[in-house]
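Coordinate inspection notes
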Amino acid sequence: MKRIIVILSFVTWLLCGCYDDKGNYDYKDINTIEGLTFDPVPEVVTEGTSYRYTYRQPIQEELSVTYSPVFSQSEVEGEENMEYLWVVSYREGNENVTDSVFTKELTLTYPVRKSSSYNVKFRLTDTKTGISTYRDFTMGTRLPFVHAWFVLNGEENNRKLSTVEDPDSTHAIITLDAYRETWDVERFQKANSLMFAGSVSNTRDMERLYVVQSDSASFMLPFALEDAKASRNLFAPGLNPTNLAYGVSHVLWRNAIVVDDAGKFYHSGASGFYFAGLAEDNVQNYVIDKIYMSQSGFVTVWDKVNRKFMSYRLNGMNGCYNFGVSEDIYPQEAVEYNLEKLTPFPVEGLQEVDKQGATHNMEILWLGKGISVNSSEEGATAIGVMNDTCYLLKIEASSKGGKSAKADESPIKVVREKLGKLGFNGNTCFATTVAFMDQFLYTEESKVYLFNVVTKEKVELYDAGNVITRLKFRSDSEGDFQYESEPYRTLGVVVNAGGQGELHEVVLSVGGDYVDSHVFTGFGVIKDVVYTAITRRLN
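This section reports on the structure supplied with the text. The structure presented is a predicted model; accordingly, all values stated were derived computationally and were not measured.

1. What to know about the nonpolar core
- Ranked by internal contacts, the top residues of the largest apolar core, which has 35 residues, are Phe 150, Val 151, Leu 161, Leu 209, Val 211, Leu 225 and Leu 503.
- When contributions to this core are tallied by element, the ones reaching two or more residues are strand S10 (148–153), strand S11 (160–165), helix H2 (178–183), strand S13 (191–197), strand S14 (208–213), strand S38 (514–523) and strand S39 (526–531).
- Setting aside chain neighbours within four positions, we find Leu 161 in contact with Phe 150, Val 151, Asp 177, Ala 178, Tyr 179, Phe 188, Leu 194, Leu 209, Val 211 and Leu 225.

If you want it as structure tokens, here you go:
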């Protein structure tokens, strides 16, 4: 026990001696790097050491960006003791390339209309202490016109294809006459309508933008603004339209339809070829006045001449490619294979006789997405007026069997609901969306209202300041949208006043309340708008 006490005393003396002797040594502060940042400021910083820069892909001139570290040192003036190293990795053709750059600044170039990406490692070394600091970077370009409104604007015969990119950001990019900006060529001066289909094919470029002119319907890659297949006639021999008026498509379906001034339609699929639409023998003289394509490819039309609702289900992949022929040939077998036939279905209550014996016909004002559970994916909603009273028709389609002339046997059911005297007319704009079942939006002059079909109540949502000429959601259906949340709650509102067009965006809450709005100006008269709602992750 005595030996243990002696040892403990010795250790205590040794420790105390070391502590008391501390002041006898000279200590120097080590130079450290402080506040390391970079110019330009990174778009994203992860865990403080990984940075990301993303740029819109250059259209006409290559983009050069110079990156430079910004920092201070705790003990040293000047930077003579600093060594800089950038290790840059990228693809050149089919090869992986790595370059080392021993300069303070690094300049990278992003070429025109081409995807570019760099993986960069940065090392900053104090040569006197041998201490190094490291950072990782990802630099790259993103496709233009993604997450964007395409705007067809300008007077007739002088139309332009413009864009609004990142419309819900604080720095939306507006490109007036985007096609000319991209290619330095005038095009689409006589365009009448825009369409966007988000799942045309299983290839790398799934999406298609359709621009409808009186004598053509372009089949384009929207994020490059170039024809998906140039130098071919999309209409079969003998189908040489000169009076195309408008078109319809759906972001979650692969087909598109164009309608001419005479009310006849042509349909296309993944190939881009157009085929003439037919009708049953008793409605060969059909004239389409309203048309809607659902997310399942179910098409509903209103024939204003015969006063009939008709429908058909699109052949999803209609085209020429499954006949083993060149894509420039339009074989007769393809024409026969791709016949689409409109078939009438019964709708009661389109005509009434009042007490005085006068007959009143319902005027169909609008046809759009279904708002009941059974009509949301297959079916439609129609809104009409008869004798100053407004009505809503819920068109609910079944995927079973054919159609019958008797309403109680038809696989397509129609529920008519009286809405009251709401003052709807030919100038009223409507919109429906999966976000608000049993509800629809409509306009009165400059105001947007949300109407509840069950309670018959209306709520004012937004005042655009001038007469509204068009309503259109980014998407009316729910899908796996990669670049935003719930585009079916963001409404596009078009105002044309005094020859100047405005595009308003109105963001609504889950409950249908106003949340926010953005206004984009600088356009001439706006003819049509369509939004690129993307359902896949783009590289």
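That shown, we press on.
2. Thoughts on the sheet that holds strand S37 (residues 500–508)
- Across the sheet, which stays open at both edges, the four strands sit in the order S35-S36-S37-S38 with antiparallel pairing between neighbours. Strands with a single pairing partner mark the edges of an open sheet, and in this sheet they are strand S35 (468–473) and S38. Recorded for the sheet is a direction-independent mean angle of 20 degrees between the axes of neighbouring strands.
- Strand direction decides the pairing type here: strand S36 (residues 490–497) and S37, joined by eight bridges, are antiparallel. Looking across to S37, one finds that Ala 497 is bridged to Gln 500.

3. A closer look at the sheet that holds strand S5 (residues 82–92)
- Sheet architecture is open: six strands sit in the order S2-S3-S9-S8-S5-S6, paired in mixed fashion. Strand pairing shows two members of the sheet lacking a second neighbour, strand S2 (44–46) and strand S6 (95–101), which therefore form its edges. Adjacent strand axes in the sheet meet at a mean angle of 20 degrees, parallel and antiparallel pairs treated alike.
- Sheet topology note: the strand S8 (residues 117–126)/strand S9 (residues 131–142) ladder contains 10 bridges and is antiparallel. Paired with Tyr 118 across the strands is Met 139, a residue of S9.

4. Focus: the side chain of Lys 394
- Looking at where Lys 394 falls in the secondary structure, it is placed in strand S29 (residues 389–397).
- Ignoring sequence-local partners within four residues, the contact set of Lys 394 consists of Ser 372, Ala 380, Lys 413, Val 414, Val 415, Glu 417 and Asp 438.

5. A word on the packing of aromatic side chains
- Applying the stated criterion across every chain, the model contains 32 aromatic pairs.
- Where Tyr 55 meets Tyr 110, the ring centres are 5.2 Å apart and the plane angle is 50 degrees; that geometry is what we call tilted. With a gap of 55 residues between them, Tyr 55 in strand S3 (residues 50–56) and Tyr 110 in strand S7 (residues 106–110) connect regions that are remote in the sequence.
- By relative accessible area, Tyr 55 is classed as buried at 17%.
- Taken together, a centroid distance of 5.0 Å and an interplanar angle of 85 degrees make the contact between Phe 424 and Phe 430 edge-to-face.
- Ring pairs connect the aromatic residues Phe 38, Tyr 51, Tyr 53, Tyr 55, Tyr 67, Trp 86, Tyr 90, Tyr 110, Tyr 118, Phe 122 and Phe 137, which therefore count as one cluster.
- The ring centre of Trp 253 lies 4.8 Å from the NZ or CZ of Arg 254, which sits over that ring.

6. Description of the pairing of strand S34 (residues 457–463)
- As judged from the six bridges shared by strand S33 (residues 447–452) and S34, these two strands associate in the antiparallel manner. Bridge assignment links Val 448 to a residue of S34, and that residue is Tyr 462.
- Between the end of S33 and the start of S34, which pair antiparallel, lie four residues, with Lys 456 showing a positive phi angle near 60 degrees.

7. Quick word on the pattern of salt bridges
- Using the criterion set out here, one finds 19 salt bridges in the structure.
- Salt-bridge contacts for Arg 187 lead to Asp 227; the nearest nitrogen and oxygen are separated by 3.2 Å. Highlighted residues: Arg 187 in the loop between H2 and S13 and Asp 227 in strand S16 (residues 226–227), separated in sequence by 40 residues.
- Note on Asp 227: relative accessible area 27%, which makes it partly exposed.
- The partner of Arg 470 in a salt bridge is Asp 528, and the shortest N-O contact between them spans 3.0 Å.

About the criteria used
- Residues numbered from 1 in each chain as written.
- Predicted model: local features only at pLDDT ≥ 70, side-chain atom pairs only at ≥ 80, totals over all residues.
- Heavy atoms only, no water.
- Core = buried A, V, L, I, M, F, W, Y, C linked by side-chain atoms within 4.5 Å.
- Buried < 20%, exposed > 50% of the residue type's maximum accessible area, 1.4 Å probe, protein only.
- Helix = DSSP H or I, 4+ residues; strand = E, 2+ residues; numbered from the N terminus.
- Contact = heavy atoms within 4.5 Å.
- Pairing = 2+ DSSP bridges.
- Axes fitted to C-alpha atoms, helices over the stretch in contact; angles between N-to-C directions.
- Phe/Tyr/Trp six-rings, centres within 6.5 Å; stacked < 30°, edge-to-face > 60°.
- Lys NZ or Arg CZ within 6 Å of the ring centre and 35° of its normal.
- Salt bridge = Lys/Arg side-chain N within 4 Å of Asp/Glu carboxyl O.

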